Amino acid sequence: AESQVGAACVGDYPVLMEDATGRKKGFIVFGGDEEEEHRVGALAIIPLKGMDGVIGALVMESETPIPISATDAKNLRLLGVMAAHALETVWEIEEINRRARTDALTGLANRQQFEERLSRIVMETNRFGGSCTLIVVDIDQFKHVNDTHGHQVGDEVLKRVANAMEAEIRNVDLCARYGGEEMALLLPQTDLSGGCQLAERLRHAVGSRAFVIGGREVGVTISLGVATYPEGARDRDELFAVADRALYAAKRGGRNQVVAGGL
């Protein structure tokens, strides 16, 4: 807020300074850790206006003072309009791509992104060595939750479980909604022991508390199947199959547990 760029953006006004050499102490262009000896002869700041207000600024500097004619000022403003339009177009495309790869209900990665990342992580494991681990998760008796409390509560349970799992994973891990009440986690450079430890933390994070939804407590548990590559599977398809078999073994064994699979 104390910078020239910040003030111009907040106030939505251009700054055109032909000679900035006589500026007073504390004259900061960008802010942050900017050095006081930041040399500026001339300065132009053009706020970039988007559909919902200012989205950034186009900043040009010269080490020496220079004259800025009316034509120069007009061209700078035109350049700002073009830059703002280009930025919003790029952001719109990025948002479309993000929505195409994200589950709308939970905000997790969707199945398409999961499949792409699974192939990439297996390839990276082949190239760099080590292990990668897959955890497949299923919400126990989710149909009973829907039948008892309604689908709106069921949707909220899905979101709460997704949030609980995302809070436990690293930035390099991927948590995806694979389908229905089934979710999957991809853990690069993680062996079977590390995967099982995380799976237990996830199980505890979900099952140790009751979700309060609409004034009602809804108890939820999850079952988890864990598999690792290359120790427990020969390829990406077998990795998922092994983890899926382990998941169903957990559900047959009484639910609310972690089962590790292997060849």
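Residues numbered from 1 in each chain as written. Predicted model: local features only at pLDDT ≥ 70, side-chain atom pairs only at ≥ 80, totals over all residues. Heavy atoms only, no water.

### A short note on the pattern of salt bridges
Moving on, step 1. Going through the model one piece at a time under the given rule, you end up with 16 salt bridges.
Moving on, step 2. D140 serves as the salt-bridge partner of K251, at 3.4 Å between the closest nitrogen and oxygen. With a gap of 111 residues between them, K251 in helix α7 (residues 236–252) and D140 in the loop between β4 (132–139) and α4 (142–149) connect regions that are remote in the sequence. Each member of the pair, K251 as well as D140, carries the same accessibility label: buried.
Moving on, step 3. The residue R201 makes a salt bridge to E168 at a minimum N-O spacing of 3.6 Å. Placement of R201 in helix α6 (residues 192–207) and of E168 in the loop between α5 (151–166) and β5 (174–179) is noted, with a sequence separation of 33 residues between them.
Moving on, step 4. By relative accessible area, R201 is classed as partly exposed at 42%.
Moving on, step 5. Judged by relative accessible area, which is 30%, E168 ranks as partly exposed.
Moving on, step 6. One network of salt bridges, with partners in common, ties together R111, E115, R236 and D237. (Salt bridge = Lys/Arg side-chain N within 4 Å of Asp/Glu carboxyl O. Helix = DSSP H or I, 4+ residues; strand = E, 2+ residues; numbered from the N terminus. Buried < 20%, exposed > 50% of the residue type's maximum accessible area, 1.4 Å probe, protein only.)

### With respect to the sheet that holds strand β9 (residues 222–229)
Moving on, step 1. Read from one edge to the other, the open sheet built from five strands follows the order β5-β6-β4-β9-β10, with strand pairing classed as mixed. Among the strands making up the open sheet, the edge pair consists of β5 and β10 (258–260). In this sheet, neighbouring strand axes are inclined to one another by 20° on average, regardless of whether the strands run parallel or antiparallel.
Moving on, step 2. This element, helix α3 (residues 111–128), spans β4, β5, β6 (182–187) and β9 of the sheet and lies at about 130° to β5. (Pairing = 2+ DSSP bridges. Axes fitted to C-alpha atoms, helices over the stretch in contact; angles between N-to-C directions. Contact = heavy atoms within 4.5 Å.)

### Some remarks on a nonpolar patch on the surface
Moving on, step 1. Together, L78, L79, V81 and M82 make up an exposed nonpolar region whose accessible area comes to about 390 Å².
Moving on, step 2. Tracing the backbone shows V81 in helix α2 (residues 70–100). (Patch = residues over 30% accessible without salt bridge, like charges linked within 9 Å, V, L, I, M, F, W, Y side chains within 5 Å. Areas by Shrake-Rupley, 256 points an atom, 1.4 Å probe, with all protein chains shown as cover.)

### Section: the sheet that holds strand β3 (residues 53–62)
One key point about sheets: their strands pair by backbone hydrogen bonds, in either a parallel or an antiparallel sense.
Moving on, step 1. Read across the open sheet, the three strands follow the order β1-β2-β3; overall the sheet is antiparallel. Two strands close off the open sheet at either side, each with one partner strand: β1 (15–17) and β3. Between one strand axis and the next, the sheet turns by 15° as a mean value, whatever way the strands run.
Moving on, step 2. Pairing of β1 with strand β2 (residues 42–50), which is carried by three bridges, proceeds in the antiparallel orientation. Counterpart to L16 in the pairing with β2 is A44.
Moving on, step 3. Across the sheet, helix α1 (residues 4–11) is in contact with β1, β2 and β3; its angle to β3 comes to roughly 145°.
Moving on, step 4. With respect to the sheet, α2 is in contact with β1, β2 and β3, its orientation differing from that of β2 by roughly 45°.

### Quick notes on α2
Moving on, step 1. Relative to the 45 Å expected for 31 residues at 1.5 Å per residue, α2 spans 45 Å between its end C-alpha atoms, a close match to the ideal helical length.
Moving on, step 2. Restricting attention to buried positions, one finds in α2 the residues A73, L76, G80 and A84.
Moving on, step 3. On its buried face, α2 is in contact with β1, β2 and β3. (Expected span 1.5 Å × (residues − 1).)

### A word on the packing of aromatic side chains
Moving on, step 1. Tallying each qualifying case throughout the model produces three aromatic pairs.
Moving on, step 2. The interplanar angle of 85° and the centroid separation of 5.4 Å between the aromatic rings of F114 and Y178 together place this pair among those described as edge-to-face. Here F114 is found in helix α3, whereas its partner Y178 is found in strand β5, with 64 residues between them in sequence. When sorted by exposure, F114 lands in the same class as Y178, which is buried.
Moving on, step 3. On the basis of an interplanar angle of 70° and a centroid distance of 6.1 Å, the ring pair of F114 and F240 is categorised as edge-to-face. You can see F114 sitting in helix α3 and its partner F240 sitting in helix α7, a full 126 residues away along the chain. One exposure class covers both F114 and F240, and it is buried.
Moving on, step 4. A connected cluster of aromatic rings, assembled from ring pairs, spans F114, Y178 and F240. (Phe/Tyr/Trp six-rings, centres within 6.5 Å; stacked < 30°, edge-to-face > 60°.)

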